[in-house]
Amino acid sequence: MTWGEPGRWGRSAWSAVPLRDASWPVRVTGVIALLGALAQALPMPANVTRGMSSTVSMAVSTVFITLAVRQLPPGRRDAFRIIHLGCLTWLAAWALFVYYRIHDPQMFPSPGDAVFVVAYVPLVVGVLMLNRQRSGRLAFGPLLDASIVTVSAGVLTVAFIVLPTVRNTGMTVTARLFGSVYPLLDVLLLFLVAQMLVVRATRDPARWWLTAGIVTTLVADILQNVIVLRGGHDFPGWMFVLWALLFVGIGVAADCAGQEARKVTAPGPVSAAEADAGGGLTVARLVVLTATAGLPSLVLLLTSRNRADSYEGYLSAGSLLLLVMVTFRIWDLLRVLKRQAVRLSEVARTDPLTGVANRRSWDFELARGLAAATRTGPVLLTGLLDLDHFKKYNDEHGHQAGDDLLREAAQTWRRALGTDGYIARWGGEEFAILVRCDDEADGLLAIDALRGIVPSGQTCSIGAARWDGQEDAEALLHRVDEALYEAKHAGRNRLVRSSPVLESVPEDHTSSISSITRVGES
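Residues numbered from 1 in each chain as written. Predicted model: local features only at pLDDT ≥ 70, side-chain atom pairs only at ≥ 80, totals over all residues. Heavy atoms only, no water.

Asker: In this structure, what is going on with the overall build of the chain? I would like to understand it.
Answerer: Within the chain one finds 16 helices and 7 strands. For the chain, the proportion of its 522 residues judged to be buried stands at 44%. For the chain, contacts bridging at least 24 residues in sequence account for 69% of all contacts bridging at least 6. For the chain, the accessible surface area stands at approximately 26900 Å², while carbon and sulfur atoms represent 63% of it. (Helix = DSSP H or I, 4+ residues; strand = E, 2+ residues; numbered from the N terminus. Buried < 20%, exposed > 50% of the residue type's maximum accessible area, 1.4 Å probe, protein only. Contact = heavy atoms within 4.5 Å. Areas by Shrake-Rupley, 256 points an atom, 1.4 Å probe, with all protein chains shown as cover.)

Take a look at the structure:
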């Protein structure tokens, strides 16, 4: 077991990796990087010391990322290489930030800030490439969901961070510019996180770790903005932990991607269904999107509650009410669509004339029956029923009467088979059946009894076979079809069982299985 194993990433399993494994240097470096990140929470004599310590921690994490990226195969390395470039740029920016923090604490923006802005570019491009490698394309629904979350956060960011910064005449133009750009870049990172969360095709261990790393940075940046807006300049140690965890998360993500690459040598493209997975509008997602979309109006309502002469509160309250009403309308449409989807699914599985299952459903049920028989071991009998002289009946009584015969026969046989049997229209006047039973003889008698209940005084021929436990569905149906051909060739109105030697139940069958005789015997 490894730390990138799906469903197990909540606890480390590095100890299960033998040291002779070529990836052990990556794991050891990763442990050191994680410990270095957590160490930033320890008390330190001055912010300068913490800044230098965090620089060393990020440098170790960068080595961790470098080793993890190097073990990736070429087809999966490009995106992480670009992300790695962003980390190197981020490390350089952090080092410059600490340097100028020591020599000129009041300088803002410093050259480090300019490098920080540049570092966002490869990070964003790399994550976008990584998502596209896995999902192939991004459906409109998930893209819109991610955009709703991002726009909501962006509106609040602009209102409470960007605009106050731009209007702060006590700051230089460049300071206002950089003070406005940083929050907007964080909103862009939020879009990447939302995109990875709403698209199911991108939810693998590598993306989870990458998402976790980005989220820690977003949390730290938000808290930094809050502290700065309140006039503070000193940040607690655990904020440095959050910033350092971005590098650790990226390194773990690259290592997980390497593990996946070793498990799957040649991954194929994701199907359209998988790419769209997660794009459906569930009730839970609708609630989250509604809450997100209504957040700016809610904030406006709360901030304007003390201004009685302002219309802002009424407008925001009305917007929230309308949003809730629209949400309930969409929820009602979802219920209607769900019912329609169920009905369409039933139509797709049912033969429109007879009301029994169609050929597509038969293929699925037969495969499921074979799988169940493999696990539990009951006797599984398969049969084909063919109405005798159906064309002649059609010509004499008309096509409507023929349709009525097909419908009545199918329903009669379905009732007779009960819960232990399954019937589907095979095509034309032929029907396929499955019977699960504990005793083969009893099962054959139950199938043969279907000949005696054909409506309108008609008869049918039946070919049957017991699954041998090894053959596939195609081979089984081939034997059943041969048995049906033999039944019709032998005079119709009989059951022929496929076996190493075909066996037949003649027209004058009795209730005992002993009446089965071999075809061709006197």
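Continuing now.
Asker: Would you mind going over the side chain of Ser461 with me for this structure?
Answerer: Relative to the helices and strands, Ser461 is located in strand β4 (residues 460-466). The exposure class of Ser461 is buried, given its relative accessible area of 0%. A distance of 3.2 Å separates the side chain of Ser461 from the backbone nitrogen of Asn493, its partner in a polar contact. Beyond its immediate stretch of four places on either side in the chain, Ser461 contacts Leu384, Leu385, Asp386, Asp388, Leu484, Ala487, Lys488, Arg492, Asn493 and Arg494. (Polar contact = N/O pair within 3.5 Å; in protein donor to acceptor, adjacent residues only side chain to side chain.)

Asker: Is there a simple way to explain the packing of aromatic side chains in this structure?
Answerer: The description of an aromatic ring pair uses the distance of the two centres, along with the angle that the planes make with each other. Going through the model one piece at a time under the given rule, you end up with 12 aromatic pairs. Taking the centre distance of 5.4 Å and the plane angle of 45° together, the rings of Trp90 and Tyr120 count as tilted. Of this pair, Trp90 sits in helix α3 (residues 74-103) while Tyr120 is found in helix α4 (residues 111-135), placing the two residues 30 residues apart along the sequence. Here Trp90 and Tyr120 have matching classes, each one buried. Centre to centre, the rings of Phe240 and Trp243 are 5.5 Å apart; their planes meet at 85°, and the pair counts as edge-to-face. Of this pair, Phe240 and Trp243 both sit in helix α8 (residues 237-263), 3 residues apart, which is roughly one turn of that helix. (Phe/Tyr/Trp six-rings, centres within 6.5 Å; stacked < 30°, edge-to-face > 60°.)

Asker: Which parts of the structure should I look at to understand a negative patch on the surface?
Answerer: Taken together, the side chains of Asp420, Asp438, Asp439 and Asp442 define an acidic patch exposed on the protein surface. When you line up the elements, Asp438 lands in the loop between β3 (430-437) and α15 (440-448). (Patch = residues over 30% accessible without salt bridge, like charges linked within 9 Å, V, L, I, M, F, W, Y side chains within 5 Å. Salt bridge = Lys/Arg side-chain N within 4 Å of Asp/Glu carboxyl O. Lys, Arg positive; Asp, Glu negative; His and termini not counted. Charge placed at Lys NZ, Arg CZ, Asp CG, Glu CD.)

Asker: Would you mind going over the nonpolar core with me for this structure?
Answerer: Proteins that are soluble and globular tend to have nonpolar side chains buried together. Formed by 58 residues in total, the largest nonpolar core has its most connected members in Phe80, Ile83, Trp90, Leu210 and Ile214. Considering every element that reaches this core, the biggest residue donor is α8, with 16 residues. The residues touching Leu210, leaving out its near neighbours within four places in the chain, are Ile83, Val127, Leu130, Met196, Gly249, Ile250 and Ala253. (Core = buried A, V, L, I, M, F, W, Y, C linked by side-chain atoms within 4.5 Å.)

Asker: Please explain a nonpolar patch on the surface as it appears in this structure.
Answerer: Taken together, the side chains of Val283, Val287, Val324, Phe328 and Trp331 present a nonpolar region at the surface, about 460 Å² in accessible area. For the nonpolar patch, the leading source of residues is helix α11 (residues 312-349), giving 3 residues. Here Val287 shows up in helix α10 (residues 283-303).

Asker: What is the right way to look at the pattern of salt bridges in this model?
Answerer: One side chain can pair with another of opposite charge once the charged atoms of both are near each other. The tally for this structure, following the rule as stated, stands at 15 salt bridges. Glu440 is the salt-bridge partner of Arg497, the closest N and O atoms lying 2.5 Å from each other. Taken together, the positions of Arg497 in strand β5 (residues 495-498) and Glu440 in helix α15 put the pair 57 residues apart, joining distant regions of the chain. It is possible to trace a salt-bridge network through shared partners that takes in Arg329, Asp332 and Arg335.

Asker: Help me out: how do you make sense of the environment of Arg285 in this one?
Answerer: Position of Arg285 relative to the elements: it lies in helix α10. Along the chain, Arg285 and Val198 lie 87 residues apart, while their C-alpha atoms are 9.1 Å from each other. Side-chain polar atoms of Arg285 contact the side chain of Asp145, separated by 3.0 Å.

Asker: Help me understand the pairing of strand β2 (residues 421-427), please; the structure alone is not making it clear to me.
Answerer: Consecutive side chains along a regular strand alternate between the two faces of the sheet. Among the 7 residues in β2, 6 count as buried, and that is most of the element. Where β2 meets β3, 6 bridges bridge the pair, whose relative direction is antiparallel. Directly across from Tyr422, in β3, lies its bridge partner Leu434. What sits between β2 and β3 in their antiparallel hairpin is a turn of 2 residues, with Gly428 showing a positive phi close to 60°. (Pairing = 2+ DSSP bridges.)

Asker: Just checking my understanding: could you explain the side chain of Thr292 for this structure?
Answerer: You can see Thr292 is positioned in helix α10. For Thr292, the contacting residues outside a window of four places in its chain are Ile148, Val149 and Ser152.

Asker: What should I look at first to understand the confidence of the model for the chain in this one?
Answerer: Low pLDDT means the predicted atomic positions in that stretch should not be read closely. Summarising the model, the chain shows a mean pLDDT of 81, and 83% of its residues fall at 70 or more. When mean pLDDT is taken per element in the chain, β4 scores highest with 95 and strand β7 (residues 517-518) scores lowest with 34. Counted against residues more than four places away or in other chains, residues 264-278, with its pLDDT under 50, gives 20 contacts. Across residues 501-522, where pLDDT falls below 50, the model places 43 contacts with residues more than four positions away in sequence or in other chains. (pLDDT = per-residue confidence, 0-100.)

Asker: Explanation requested: the packing of helix α6 (residues 173-198) against helix α7 (residues 205-229) in the structure shown.
Answerer: Between two packed helices, both the angle of their axes relative to each other and the distance between the axes serve to describe the pair. Relative orientation of the contacting elements α6 and α7 amounts to 150°, with a least axis distance of 10 Å. When the axes of α6 and α7 are compared, the pair comes out roughly antiparallel. With respect to the hand of their crossing, α6 and α7 are arranged in left-handed fashion. Touching Pro183, Asp186, Leu189, Leu190, Val193, Met196 and Leu197 of α6 are Arg207, Trp208, Leu210, Thr211, Ile214, Val215, Leu218, Asp221 and Asn225, all from α7. Classifying every residue of the contact of α6 with α7 gives 11 nonpolar, 2 polar and 3 charged. (Axes fitted to C-alpha atoms, helices over the stretch in contact; angles between N-to-C directions. Parallel < 35°, antiparallel > 145°, perpendicular 65-115°, else oblique. Left-handed = near helix turned anticlockwise from the far one by under 90°. Nonpolar A, V, L, I, M, F, W, Y, C, P; charged D, E, K, R; others polar.)

Asker: Can you walk me through the pairing of strand β1 (residues 379-387) in this structure?
Answerer: Of all 9 residues that make up β1, 9 are buried, and the element is covered over most of its length. Neither face of β1 is open: one carries Val379, Leu381, Gly383, Leu385 and Leu387, the other Leu380, Thr382, Leu384 and Asp386, and all of them are buried. With 8 bridges connecting them, β1 and β3 associate as antiparallel partners. The residue bridging Leu385 from the neighbouring strand is Phe431, located in β3.

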